[in-house]
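As a plain string of letters, each chain reads:
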Amino acid sequence: MSYVRTKGVVLKEVNTGEADKIVTILSRSHGKISGFAKSARRPKSRFVAGAQLFCYSEFVLFKGRDMYSLNSSDVIEPFYEIRNDVIKLTYAAHMVDILDDVVQEGQPSPRVLQLFLNALYMLAKTEKSPELITRIFEFRLLSIIGYAPFVKACISCGTQEMDSVLFSFSKCGFLCRACKINDVHAIDISVGAYKTLRHIISSNLKDLFNFEVSEQVLNELSRISKKYLKDRLEKDYKKLDFLKHFNTP
Ligand SMILES: [Zn+2]
C-alpha cells in the first residue's frame, strides 16, 4: 500500500459521518492533500490533537482508491493561541482562503508552507498587529507564486531616484511622478509604504516580519493589498469584513 509521510498545517476540516472528518493539509511535499480521518471527532481519537485546524504536524496518509486516509498525526506545533482568539482566528482563516485558491493538490509547496508557518507563529506567539502580519503574508505569498509587484524602480522609465512614488495597479508596480501619465489611475503612496512594500518583496525570510509601521502606512498597505489581491486572483476576499464588528487594535 502506498503512503505519504509529510509535514503540514491543517487548512480545513469538514465533519462527515457520525464522528469522522476530512482534513485538508497544506503539506511540504504534496501541496494541498486531503485525508479521511476516521473517528477523529471522538474524544479519545488519536487524531484529536494533530488534526485540528492550524495545527502543524507530521502526517502519515495511506492512499486509498478514492482518497487518502489519515493514519497518524504527530503534533509539532499546535498554535492553539490562534483558535482561542477570534481576531487572530479570523486573520488566519483569511490567509487560508487565499492559500486554498493558490495552492494546487499534489504540487510541492515548501516556500508557501514556510511562509504560512512564519505568519502563524507571529500571529500566535507575538503581540504584533495581526493586520500587519496578514499584509506581509499576502504580498509575500503573491510574490512566491509569481505576482510580485515591481518595486525596484519606476516600472515605466526605470529610474530609482523617486522623491514621490505612485503605485500602479494596471502596471503592477511603482511609478515615478513623471510617469504618472502612463497610468492616470495610479495612486500616491507615502515613502513609508514604498519602503515597506520593497522590504516585504525582497527581504530574506528571517527578517521578513521584523519591522513595525505607523497606522497610516498600515492603512495604505491594506488599501493596496485589497485591490491588488482582487486584481491578481480575481476574487474579493470577505472574511476580514467580519472584524468591522469589533474594535480591533
Ligand atoms: Zn518613471
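Residues numbered from 1 in each chain as written. Predicted model: local features only at pLDDT ≥ 70, side-chain atom pairs only at ≥ 80, totals over all residues. Heavy atoms only, no water.

**With respect to the overall build of the protein**
Across its full length, the protein holds six helices and eight strands. Seen in sequence order, the protein has helices and strands lined up from the N terminus as β-β-β-β-β-α-α-α-α-β-β-β-α-α. Considering only C-alpha atoms, the protein reaches an extent of 65 × 40 × 30 Å along its principal axes. Looking at the protein as a whole, 49% of its 249 residues qualify as buried. (Helix = DSSP H or I, 4+ residues; strand = E, 2+ residues; numbered from the N terminus. Buried < 20%, exposed > 50% of the residue type's maximum accessible area, 1.4 Å probe, protein only.)

**A look at the domain arrangement of the protein**
The assigned domain composition of the protein is domain 1 (3-78) and domain 2 (85-149 + 181-245). Domain 1 and domain 2 are separated by 26 Å when their C-alpha centres are compared. Counting residues at the interface gives 16 residues for domain 1 and 21 residues for domain 2. Of the roughly 1,500 Å² buried between domain 1 and domain 2, counting both surfaces, carbon and sulfur atoms make up 67%. (Domains from an automatic or database assignment. Contact = heavy atoms within 4.5 Å. Buried area = accessible area lost by both parts, 1.4 Å probe.)

**Quick notes on the side chain of Ser222**
Within the secondary structure, Ser222 sits in helix α6 (residues 215-233). Residue Ser222 is classed as buried on the basis of its relative accessible area of 14%. In contact with Ser222, other than residues within four places in its own chain, are Glu131 and Arg135.

**What about the coordination of the zinc ion?**
For the zinc ion, the full set of protein donor atoms is Cys154 (SG), Cys157 (SG), Cys176 (SG) and Cys179 (SG), at a range of 2.3 Å. The coordination sphere of the zinc ion comprises four donor atoms, whose angles at the metal cover 104 to 116°; the geometry is tetrahedral. One chain supplies every donor to the zinc ion, and in sequence these donors are spaced C-x2-C-x18-C-x2-C. Just as Cys176 is buried, Cys179 falls in that class too. (Donors = N, O, S within 2.8 Å, 3.2 Å for Na, K, Ca; no water. Tetrahedral: all angles 85-135°; square planar, octahedral: opposite > 155°, others 65-115°.)

**Some details on helix α5 (residues 191-202)**
For α5, with twelve residues, the first-to-last C-alpha span of 16 Å sits near the 16 Å given by 1.5 Å per residue. Among all positions in α5, only Ala193, Tyr194, Thr196, Leu197, Ile200 and Ile201 are buried. Around the axis of α5, the buried residues are gathered within 165° of arc, so they sit on the same side. Projecting away from the buried face of α5 at angles above 90 degrees are the exposed residues Lys195 and Ser202. (Expected span 1.5 Å × (residues − 1). Arc of directions from axis to C-beta.)

**Focus: the sheet that holds strand β2 (residues 20-27)**
In space, the five strands of this closed barrel follow the order β1-β2-β3-β5-β4, with mixed pairing throughout. In this sheet, adjacent strand axes meet at a mean angle of 50° when their direction is disregarded. Sheet analysis places strand β1 (residues 3-16) next to β2, joined by eight bridges and oriented antiparallel. Looking at β2, one finds that Gly8 is bridged to Ser27. On the sheet, helix α3 (residues 110-125) packs against β1, β2, β4 (56-63) and β5 (68-77) and is oriented at approximately 60° with respect to β1. (Pairing = 2+ DSSP bridges. Axes fitted to C-alpha atoms, helices over the stretch in contact; angles between N-to-C directions.)

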